[in-house]
Every structure is written in structure tokens, then in C-alpha cells.
Amino acid sequence: MYLCLFFDMERRGLHSCAETGMVTWWLESMDARVWVVQPVKCSRVQVKQGNVIERKGHIFQVLKTQHTQQGRGGATIQVELRDVQSGLKSTERLRTSEAIERVFVDEKSFTFLYHDGDSAILMEPTTFEQLEVPKILFGNGAAYLSDGLLVTVQFFDGKPLSAAVPSRVTCTVVEAEPSFKGQTATPVYKKVLLQNGRHVMVPPFISTGSQIVIDTTDDTYVTRAKD
């Protein structure tokens, strides 16, 4: 949570937002606004995928979380982190009693336009302004970027911090093994190739040309897309 101060010559106020947990004290000025931000600690159980946290003097994006119970040792959470500055990934295990500094960011929606080398060109849907961001900000989700896809970009201190595709997208199967009658009653999943080059496991009734819904967080089949 942030404590935010604005300096303004004419108006003053104290605002509290229950939705974001932010308290804002402001003084409004016609010429400038100055923000003073202070991250507030949250417990480890509040850390979720997509959060941005401060740890050991670095800013990290949480890529994955996994809760575990270790008998008398108590519950812990294993988190996969990406250093925002270097892009390096690491895995850490957090204790129940450990408090984490969470950083709140500004999140905006954009439409994906096209690839330009290692960059993705996006467009703000209301102003039509274009934004170029490194595709590495999307992580593994970059493989699912397609024309017109609505994506989100998180900004910290006015700069793109991370980006994400929707958790579920529709993909086309371009290569699949044929299904055979008389297979076992229990479906045996088979591997297919998607139009973005990714391989996923799908039920035997999926064939070449099928439209399927994929969970982009772990590259898994969800269901056949509706016509």
C-alpha cells in the first residue's frame, strides 16, 4: 500500500480508498504535484501471482506461488520471482511470519499490434498512442501475442514494469495425430502443435484445424472453443 502526498497551493484533502487500500493526503497545485510513496508490508499469504514486491533492496514480480505445509514446521509459500531490473529469475521460500513489502503499480490495457524484433508494439485503445515494450516483459506469455489481443502493462515510476496476456486465449491446432476408434475408455491425451509453435496435450478428439482454449499460465488445454 502507498502513502501518497500531493503538494498544492489551493486545495487540501484526505482520501481513503478501501478498494486499493490506499490513503492519499494531497495538496493540489496548478503547477506541479509531488508524490511521496511508502510501501507497506503485507503478510506472505497475501502474495499472489502478478504482484510486485520489494525484497532485499530489489523490485521483483511474482511469477508463480505454491503453498506447502511442512508438518510442525508450519505453512510456507514458495515463490518464483523475476528481478525487474535484470530480468533474472529466482525461487525463494517464505516463512509464515515473514512480512513482504508490496509495491502497487499502475496497470493499463493495450491492444497488441505487431512484433518488431524483440519488441512488441502496442496501442492504447482510447488515445491510439503506440507503445513499444520488450517482449521479455510478457515472459512465456509472449508466445500468445496475436493481432488485436488485449493485454495489460504494469507501470512503475512511469516505466513499463511487466506485461501479461489474458489467462485464457483461443489457439488453432496446426498439427495433430489422428484419433483411432477403439481406444481405451479413459481418454489418453496426445500432443498437438499450435499456430504459435507451442506443443500442448489435448484429448484425442481434437484434430488439425480445431480451435481450442489454452490456459496461458501453464500452457494447458482447457476446452474446445465455441463456434
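You'll find the structure just up there.
Residues numbered from 1 in each chain as written. Predicted model: local features only at pLDDT ≥ 70, side-chain atom pairs only at ≥ 80, totals over all residues. Heavy atoms only, no water.

## Topic: the packing of aromatic side chains
All told, the structure shown has 1 aromatic pair when counted by the stated rule. On the basis of an interplanar angle of 50° and a centroid distance of 6.2 Å, the ring pair of F110 and F155 is categorised as tilted. Taken together, the positions of F110 in strand β10 (residues 106-116) and F155 in strand β13 (residues 150-156) put the pair 45 residues apart, joining distant regions of the chain. F155 carries the same exposure label as F110, and that label is buried. (Phe/Tyr/Trp six-rings, centres within 6.5 Å; stacked < 30°, edge-to-face > 60°. Helix = DSSP H or I, 4+ residues; strand = E, 2+ residues; numbered from the N terminus. Buried < 20%, exposed > 50% of the residue type's maximum accessible area, 1.4 Å probe, protein only.)

## Some details on the sheet that holds strand β15 (residues 168-176)
Backbone hydrogen bonds hold the strands of a sheet together, and the pairing may be parallel or antiparallel. Spatially, the 5 strands line up as an open sheet ordered β17-β16-β15-β18-β19, and their pairing is antiparallel. Of all strands in the sheet, those with a lone pairing partner are β17 (199-202) and β19 (220-224), marking the two edges. Each strand of the sheet is rotated relative to its neighbour by a mean of 55°, with strand direction disregarded. In the sheet, β15 pairs with strand β16 (residues 190-194) via 3 bridges, with the strands oriented antiparallel. The partner of E175 across the bridge, within β16, is L193. (Pairing = 2+ DSSP bridges. Axes fitted to C-alpha atoms, helices over the stretch in contact; angles between N-to-C directions.)

## Examining the side chain of S162
Within the secondary structure, S162 sits in strand β14 (residues 159-164). Relative accessible area serves as the criterion here: at 1%, S162 is assigned to the buried category. Side-chain polar atoms of S162 contact the side chain of Q61, separated by 3.3 Å. Polar side-chain contacts of S162 include one of 2.6 Å to the side chain of Q154. (Polar contact = N/O pair within 3.5 Å; in protein donor to acceptor, adjacent residues only side chain to side chain.)

## Considerations on the layout of surface pockets
Looking at the largest pocket, its volume works out to about 830 Å³. Q49, G50, Q61, L63 and A164 are, among the 34 residues lining the largest pocket, the residues nearest its centre. Elements represented by at least two residues in the lining of the largest pocket include exactly β6 (58-69), β7 (75-83), β9 (99-103), β13 and β14. Per-element accounting of the lining of the largest pocket gives the leading share, 4 residues, to β6. (1 Å grid on protein atoms, 1.4 Å probe; cavity = no way out; pocket = protein on both sides within 12 Å on 5 of 7 lines; lining within 4 Å. Points joined across faces, edges and corners; volume = space filled by probe spheres on them.)

## Things to note about the pairing of β7
Examined bridge by bridge, β7 and strand β8 (residues 89-95) share 7 bridges and lie antiparallel to one another. If you follow I77 over to β8, its bridge partner there is L94. Between the antiparallel neighbours β7 and β8 lie 5 residues, among them G87 with a positive phi of about 85°.

## Side note on the sheet that holds strand β11 (residues 119-123)
Pairing within the open sheet is antiparallel, and its 5 strands lie in the order β12-β11-β10-β13-β14. Two strands in the sheet have a free side with no partner beyond their single neighbour: β12 (130-134) and β14. Averaged over neighbouring strand pairs, the angle between their axes works out to 45° when direction is ignored. Bridging between β11 and β12 involves 5 bridges; their strand directions are antiparallel. Each residue of the ladder has a partner; that of I121, found in β12, is E132.

## Structural notes on the environment of G158
Structurally, G158 can be placed in the loop between β13 and β14. For G158, a relative accessible area of 66% gives the class exposed. Sequence separation of G158 and V105 is 53 residues, and the distance between their C-alpha atoms is 9.4 Å.

## A word on the side chain of D215
As for its placement among the helices and strands, D215 is situated in strand β18 (residues 211-215). Although D215 is buried, it makes no salt bridge; R168 carries the closest opposite charge, 5.0 Å away. Once you skip the residues sitting within four places of it in the chain, D215 turns out to touch S167, T220 and V222. (Lys, Arg positive; Asp, Glu negative; His and termini not counted. Salt bridge = Lys/Arg side-chain N within 4 Å of Asp/Glu carboxyl O. Contact = heavy atoms within 4.5 Å.)

## Examining the environment of V62
Position of V62 relative to the elements: it lies in strand β6. Relative accessible area serves as the criterion here: at 1%, V62 is assigned to the buried category. Spatially, the C-alpha atom of V62 lies 9.8 Å from that of T91, the residues being 29 residues apart in sequence. With near-sequence residues (within four places) excluded, V62 lies in contact with V47, K48, Q49, G50, N51, I53, E80 and L81.

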